[in-house]
Amino acid sequence: MDFDWLMKARDYLRVASHTPGDLKIKVNPAILSAPGFSGLPKFDELPSGIDDVKVNIFTQTIHVRYQPDVIPTELLDELLSTTDTQRAKAITTDLQTRLGVTLLS
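Analysis parameters
Residues numbered from 1 in each chain as written. Predicted model: local features only at pLDDT ≥ 70, side-chain atom pairs only at ≥ 80, totals over all residues. Heavy atoms only, no water. Pairing = 2+ DSSP bridges. Helix = DSSP H or I, 4+ residues; strand = E, 2+ residues; numbered from the N terminus. Axes fitted to C-alpha atoms, helices over the stretch in contact; angles between N-to-C directions. Contact = heavy atoms within 4.5 Å. Parallel < 35°, antiparallel > 145°, perpendicular 65-115°, else oblique. Left-handed = near helix turned anticlockwise from the far one by under 90°. Nonpolar A, V, L, I, M, F, W, Y, C, P; charged D, E, K, R; others polar.

**So, the pairing of strand 4 (residues 61-66)**
As paired elements, strand 2 (residues 22-27) and strand 4 share five bridges and run antiparallel to each other. Looking across to strand 4, one finds that Ile25 is bridged to Ile62. In this antiparallel pair of consecutive strands, strand 3 (residues 50-56) and strand 4, the connection spans four residues, and Gln60 shows a positive phi of 55 degrees.

**Considerations on the sheet that holds strand 3**
Judged by pairing direction, the sheet is antiparallel, and its four strands sit side by side in the order 1-2-4-3 without closing on themselves. Each edge of the open sheet carries a strand with a single partner, namely strand 1 (13-19) and strand 3. In this sheet, adjacent strand axes meet at a mean angle of 15 degrees when their direction is disregarded. Where helix 2 (residues 73-81) meets the sheet, it contacts strand 1, strand 2 and strand 4, and its direction lies at approximately 165 degrees from that of strand 1.

**Focus on the packing of helix 2 against helix 3 (residues 85-99)**
Packing of helix 2 against helix 3 leaves a shortest axis separation of 9 Å and a crossing angle of 140 degrees. In this view, helix 2 runs oblique relative to helix 3, as classed from their interaxial angle. When you trace helix 2 past helix 3, the crossing you get is left-handed. Together, Leu75, Leu76, Glu78 and Leu79 of helix 2 and Arg87, Ala88, Ile91, Thr92, Asp94, Leu95 and Arg98 of helix 3 make up the contact between the two elements. The residue inventory of the contact of helix 2 with helix 3, partitioned by class, reads six nonpolar, one polar and four charged.

Laid out in structure tokens, this is it:
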């Protein structure tokens, strides 16, 4: 997965609700037919700072419970809303460091 993939994926996602530690994202089903979106990252264990991830195919939502002291709520909000590519890259790099993972090549 690369940064361009992440930026294109945002076109198919909408924040349904977001409070500190609890993020619910509505997923447009059109993402299933979009090129390049079949291989989503998978983890044997959730990264540190993420408590739970649930996908509900019936409601087309992803529900993420996270630790706001590790992942600031404002940072996620900004990542999902910014149109500044350089700022989005900086946030992504920061989040990868906070979570101790490498998602983007």
